[in-house]
Amino acid sequence: MTDTSSAAILTSLSGTTFSKGHGTGNDFVLIADPDGTRQIGPEAVAVLCDRHQGIGGDGLIRAVRSKHLPEGRDLLMMAPEAEWFMDYRNGDGSFSEMCGNGVRVFVHFLIEQGFVTLSEGQSLTIGTRAGLKVITRSNDGYAVDMGPWEFIFPDQAAAKAMDSLVNAEGLEVPRPALSISMGNPHTVVALAELDELAATKLHESPEVDPQPANGTNVEFVVPAEPLVHNGAGHITMRVHERGVGETQSCGTGACASAVAIRHWAGSGAPNEWQVQVPGGTVHVSFLPGLDGKEHVQLSGPAVLVATGTIA
């Protein structure tokens, strides 16, 4: 019988080097596996991300060359320059399509490891399970073209500007919400007051009806009053990430929240947004894409705080 205890799993990973990083408090364990030789299963991911018996993180990112993964090889056919693939897992070991904070930290990790060089203003294309992403280095972090956004239930969104009801501990009644795909699913709820946002309990997954097919991340958002200041919209957000729980930040969630609030605000709403999360602030912009669709760009910092070796 295979020993699947935390101690046994950590022993099996003995000698593995890792880094710990975060983007506005959304934190990750990062492991370099350029040749795709290291298999890290869901149980191992969950142990490594455990904040009491492991390293601790909202997720794990494995840096692997795209040619070593089927999904990566498919993307290389479209973009041969996408040498690197961000193999991202949620903290419970489940796969996730994309992580907006994680992708910035991933590129910073590649630079610090000496795998790539990227000067300010230069861009790098990487592979993810949500497709190709282009990251540009700036003077204070990284900007990521997150690609086009989509309504998950477009008919309901067009007809009623809402498609579901969300209930969470701390809310007196279920609230209307709007479900948006940023390559991964999100359901956004607008609240009226910061006190109400603070009182919402996110240690358990909110109830979403109907829920998108593969589950959903749930964002609770308070628009500023006034909403627009110096040409940019301002919102404050908390999030419950599927497979993780509440996190200090969620990049794709910030993008989805800006999409929803802009939609509810109507014509004349700005294309620039500042999103305040518990771990800091990220910037969201809406830009025309080369594919003719509207794209969302996410900008923010990326920090590596530690490196080490599993004993």
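Quick summary incoming for the structure in this document.

Definitions and cut-offs
Residues numbered from 1 in each chain as written. Predicted model: local features only at pLDDT ≥ 70, side-chain atom pairs only at ≥ 80, totals over all residues. Heavy atoms only, no water. Salt bridge = Lys/Arg side-chain N within 4 Å of Asp/Glu carboxyl O. Helix = DSSP H or I, 4+ residues; strand = E, 2+ residues; numbered from the N terminus. Buried < 20%, exposed > 50% of the residue type's maximum accessible area, 1.4 Å probe, protein only. Phe/Tyr/Trp six-rings, centres within 6.5 Å; stacked < 30°, edge-to-face > 60°. Lys NZ or Arg CZ within 6 Å of the ring centre and 35° of its normal. Polar contact = N/O pair within 3.5 Å; in protein donor to acceptor, adjacent residues only side chain to side chain. Contact = heavy atoms within 4.5 Å. Disulfide = S-S within 2.5 Å. Pairing = 2+ DSSP bridges.

1. Focus: the pattern of salt bridges
Applying the stated criterion across every chain yields a total of 13 salt bridges. Here Glu 97 and Arg 242 are joined by a salt bridge, their closest N and O atoms 2.4 Å apart. Note that Glu 97 is positioned in the loop between strand S4 (84-90) and helix H4 (100-112) and Arg 242 in the loop between strand S14 (232-241) and strand S15 (245-247), a separation of 145 residues in sequence. The class of Glu 97 is partly exposed, set by a relative accessible area of 22%.

2. Quick look at the packing of aromatic side chains
Taken as a whole and judged by the stated rule, the model has three aromatic pairs. For the pair Phe 28 and Tyr 88, a centre-to-centre distance of 5.9 Å together with 75° between the ring planes defines the contact as edge-to-face. With Phe 28 in strand S2 (residues 26-32) and Tyr 88 in strand S4, this residue pair connects regions lying 60 residues apart in the sequence. You can call Tyr 88 buried: its relative accessible area is 2%. Seen in terms of ring centroids, Trp 84 and Phe 115 are 4.7 Å apart; in terms of plane orientation they differ by 40°. Their pairing is tilted. Here Trp 84, found in strand S4, pairs with Phe 115, found in the loop between H4 and strand S5 (123-128); they are 31 residues apart in sequence, far enough to count as distant. What makes Phe 115 partly exposed here is its relative accessible area of 26%. We note Arg 89 situated over the ring of Phe 95; from NZ or CZ to the ring centre the distance is 3.9 Å. Geometry around Phe 286 places Arg 262 over its ring, the cationic atom sitting 3.7 Å from the centre.

3. Comments concerning the pairing of S4
Of all seven residues that make up S4, seven are buried, and the element is covered over most of its length. Residues Trp 84, Met 86, Tyr 88 and Asn 90 point to one face of S4 and Phe 85, Asp 87 and Arg 89 to the other, with burial holding for every one of them.

4. What to know about unusual backbone geometry
Following Asp 209, the chain continues into Pro 210 via a peptide bond in cis, with omega recorded as -5°. Secondary-structure assignment places Pro 210 in the loop between strand S12 (207-209) and strand S13 (217-229). Omega for the bond connecting Glu 225 with Pro 226 falls within 30 degrees of zero, at 0°, which places this linkage in the cis form. Residue position: Pro 226 is located in strand S13. The backbone of Thr 24 sits at a positive phi, close to 45°, despite the residue not being glycine. With respect to the element layout, Thr 24 can be found in the loop between strand S1 (17-23) and S2. The backbone of Ala 161 shows a phi angle near 60°, a positive value even though the residue is not glycine. Considering the arrangement of structural elements, one finds Ala 161 in the loop between helix H5 (154-160) and strand S9 (164-167).

5. Concerning the side chain of Arg 62
Position of Arg 62 among the secondary structure elements: in strand S3 (residues 59-65). Overall, the relative accessible area of 7% leaves Arg 62 in the buried class. From its side chain, Arg 62 meets the backbone oxygen of Arg 38 in a polar contact 3.3 Å long. Discounting chain neighbours no more than four positions away, the residues touching Arg 62 are Ile 31, Asp 33, Gly 36, Arg 38, Ile 40, Leu 69, Phe 85, Met 86, Asp 87 and Phe 106.

6. Brief notes about the state of the cysteines
Enumeration over the complete set of coordinates arrives at zero disulfides. There is no disulfide at Cys 49, and the cysteine sulfur nearest it, in Cys 99, is 11 Å away. Of the residues examined, Cys 49 reaches a relative accessible area of 5% and is grouped as buried. Looking at the unpaired Cys 255, the closest cysteine sulfur is the one in Cys 250, lying at 8.6 Å.

7. Quick notes on the pairing of strand S11 (residues 185-190)
Look at any regular strand and the pattern is simple: side chains alternate between the two faces of the sheet. The element S11 is extensively covered by neighbouring structure, given that five of its six residues are classed as buried. Relative to S11, strand S10 (residues 175-181) runs antiparallel, the two sharing five bridges. If you follow Ala 177 over to S11, its bridge partner there is Val 189. With antiparallel pairing between neighbouring strands as the criterion, S10 and S11 make up a hairpin whose turn holds three residues, including Gly 183 at a positive phi of roughly 95°. Bridge count for S11 against S13 is five bridges, and the pairing is parallel. Residue pairing across strands places Val 189 opposite Phe 220, the latter belonging to S13.

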